[in-house]
Amino acid sequence: MVMANSPHLLVCTGEISGDLQASYLIQALLRRDPHLRITAVGGERMAAAGATLLQKTTAISSIGIVEALPFIGPALWVEWRIRRFLARDRPDLCVLVDYIGVNSRLSSVLQRQGIPAIYYIAPQEWIWTTSSRISFQLAERMRLMLAIFPQEAEFYEAAGGNVRWVGHPLLDILSAAPDRLQARQHLGIPADQMAVMLFPASRNQELRHVAPVIFAAARLLQQQLPQVKFWLPLAAERFAPPLLKLAKQQEIEITLLKPQGSREHQTILAAADLIVAKSGTVNLESAILGIPQVVVYRVSRLTYWIGKTILNFSIPFMSPPNLVQMRLIVPELFQEEAQPSRIAEEALALLTNPQRRQQMQQDYQQMRLALGEPGVLDRAASEILRVLASC
């Protein structure tokens, strides 16, 4: 029960993955202190976890320069709503989760107003930065940074931050995932069926740039393996019409799934023989569960040109499993490499070559060890409550 004088937290994030990660953190916080009052900027999962939703941000995310332009207005509106909220209902502590665009600017507002802040799942500048400006700013502004990757902790410590490495929360989130047989029984997939799960889009831009090449690759794969069948979990119901249209254009049969919460999502992953997915959290989920995968990503040609020729943007790897170990664990195809024939070739090898699958499993095992120990969410919640008690 929330009391009138209960400690007040503001948790701010964006995107579907941020909403999911923050919802588990909120659950861990409320298990430890049921009297907390938590206000959320994020999505429905955070609200279901026990927070009061101030502003929904799950539909205004993008990756890329040109792709971000349509979301500038909505992002500014979110920031205005947060500023108004801070003026009328000042929180005792703010927890920022990922979502660098809004959260990096919000961190400045919080610093000016004297509101302490913690960053959980900090911006991945240790991967893609061309400037350390934001890193040093966040290190200075945050009371504490809770790192989920060892490299992240080292990076922000070097920038002068007060950092704790807690490990990756997916270790906790996926601990109760079903095995392959249980998952297939739940979904009605025969044990001997060759099942490929497609994860082409959780953002509108990915419907244009990523989904078409994944669907074209699925057609090529089905031509070589007629027995393969495809399932596609929807990130949002609004994606169903354009994805069905793409499937029709490629003359492939795809079963759309509507996951009802994270448990259903885990079941879908566990049932797969192979996952073909855009770069994102699903790559790390698949790796932890031991599911072979091919990772694909594209942005607009203009964004790619600006990033490469003007900003000198480069990354060692794109997918989280490869970034954890800083070596190639899963095949990742970016931009011009993301051709349907290449995707289908990699997928075919993982479905038909036992040695390829065995090597990937060995690499996955080493990667999981680098993610830390279970109990991540409790460690993160304890650190947050410790700081809150000192505010």
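Residues numbered from 1 in each chain as written. Predicted model: local features only at pLDDT ≥ 70, side-chain atom pairs only at ≥ 80, totals over all residues. Heavy atoms only, no water.

Concerning the sheet that holds strand β6 (residues 144–147)
Selection criterion: Strands pair, by our definition, only if DSSP identifies at least two bridges between them. Elements are defined by DSSP. Helices are runs of H or I of four residues or more, strands are runs of E of two residues or more, and each kind is numbered from the N terminus. Between N-to-C directions, angles cover 0 to 180 degrees, with each direction set by a line fitted to C-alpha atoms, over the stretch in contact for helices.
Sheet architecture is open: seven strands sit in the order β3-β2-β1-β4-β5-β6-β7, paired in parallel fashion. Only two strands of the sheet have a single partner each, and these edge strands are β3 (52–56) and β7 (163–165). Adjacent strand axes in the sheet meet at a mean angle of 20 degrees, parallel and antiparallel pairs treated alike. Bridging between strand β2 (residues 37–42) and β3 involves four bridges; their strand directions are parallel.

What to know about helix α13 (residues 240–250)
Stated formally: Three exposure classes are used, based on accessible area relative to the maximum for each residue type with a 1.4 Å probe and protein chains only: buried under 20%, partly exposed in between, and exposed over 50%. When we speak of the arc, we mean the arc of directions from the helix axis to the C-beta atoms. The contact criterion used throughout is that any non-hydrogen atoms of two residues lie within 4.5 Å.
Every buried residue of α13 is accounted for by A240, L243, L246, A247 and Q250. Projected down its long axis, α13 carries its buried residues within an arc of 130 degrees, all on one side. Opposite the buried face of α13, at more than 90 degrees from it, the exposed residues are P241, K245 and K248. Looking at the packing, one finds that the buried side of α13 touches α11 (204–209), α12 (211–224), β9 (229–233) and β10 (254–257). Looking at the residues trailing α13, positive phi occurs at E251, about 55 degrees.

Section: the packing of aromatic side chains
Spelled out, the test is: Here is the rule: rings of Phe, Tyr and Trp (six-membered ring for Trp) pair when centre to centre is within 6.5 Å. Planes less than 30 degrees apart are stacked, more than 60 are edge-to-face, and the remainder are tilted.
Inspection of every chain in the model, using the stated rule, returns one aromatic pair. Here F155 and Y156 contribute two aromatic rings whose centre-to-centre distance is 5.1 Å and whose plane-to-plane angle is 80 degrees, an arrangement assigned as edge-to-face. On the basis of relative accessibility, which here comes to 22%, the residue F155 falls in the partly exposed class. Judged by relative accessible area, which is 1%, Y156 ranks as buried.

Topic: the sheet that holds strand β11 (residues 274–278)
If you trace the six strands from one edge of the open sheet to the other, you get β10-β9-β8-β11-β12-β13, paired in parallel fashion. Edge positions in the sheet fall to β10 and β13 (332–334), since each of these pairs with one other strand and no more. Here the average twist between neighbouring strands, direction ignored, is 20 degrees. As paired strands, strand β12 (residues 293–297) and β13 are joined by three bridges and run parallel to one another. Residue Y297 lies in a different strand from β13, and its bridge partner there is F334. Strands in contact with helix α14 (residues 262–270) are β8 (195–199), β9, β10 and β11; relative to β8, the strand with the most contacts, it is inclined by about 130 degrees.

Observations regarding the packing of helix α18 (residues 340–352) against helix α19 (residues 354–369)
Which entries qualify depends on this criterion: Angles are sorted into four bins: roughly parallel if under 35 degrees, roughly antiparallel if over 145, roughly perpendicular if 65 to 115, and oblique for all others. As a working rule, the residues Ala, Val, Leu, Ile, Met, Phe, Trp, Tyr, Cys and Pro are called nonpolar, Asp, Glu, Lys and Arg charged, and the rest polar, with Gly in that last group.
α19 packs onto α18 with a crossing angle of 90 degrees between their chain directions and a minimal axis gap of 5 Å. The pairing of α18 with α19 is recorded here as roughly perpendicular in orientation. Residues E346, A349, L350, L351 and T352 of α18 form the contact with α19, whose own contacting residues are P354, R356, R357 and M360. In the contact of α18 with α19, the residues fall into five nonpolar, one polar and three charged.

Quick word on the pairing of strand β1 (residues 8–12)
For clarity, the threshold we go by: Whether a crossover is right-handed comes down to one check: with the strands pointing away from the viewer, does the path from the first strand over the helix to the second run clockwise; if it does, it is right-handed.
Burial of β1 is extensive: five of the five residues sit out of reach of the surface. Burial along β1 is two-sided: H8, L10 and C12 facing one way and L9 and V11 facing the other are all buried. A crossover connection joins β1 to the parallel β2 through helix α1 (residues 15–32); in handedness this β-α-β unit is right-handed. When β1 meets strand β4 (residues 93–97), the two strands line up parallel, connected through four bridges. Along β4, the bridge assignment pairs C12 with L96.

Some points on the pattern of salt bridges
Operational definition: Within this document, salt bridges are pairs made up of a side-chain nitrogen of Lys or Arg and a carboxyl oxygen of Asp or Glu, the two lying within 4 Å of each other.
Taken as a whole, this structure holds 13 salt bridges when the rule is applied. Linking D89 and R37 is a salt bridge whose minimum nitrogen-to-oxygen distance equals 2.9 Å. Remark: R37 occurs in strand β2 and D89 occurs in the loop between α4 (72–88) and β4; sequence separation between them is 52 residues. A relative accessible area of 27% means that R37 is categorised as partly exposed. Between E383 and R386 there is a salt bridge, with the nearest N and O atoms lying 2.6 Å from each other. Pair noted here: E383 and R386 are both in helix α20 (residues 376–390), with a separation of three residues, about one helical turn. Overall, R386 belongs to the partly exposed group, its relative accessible area being 44%. Via salt bridges that share partners, R164, E383 and R386 belong to a single interconnected network.

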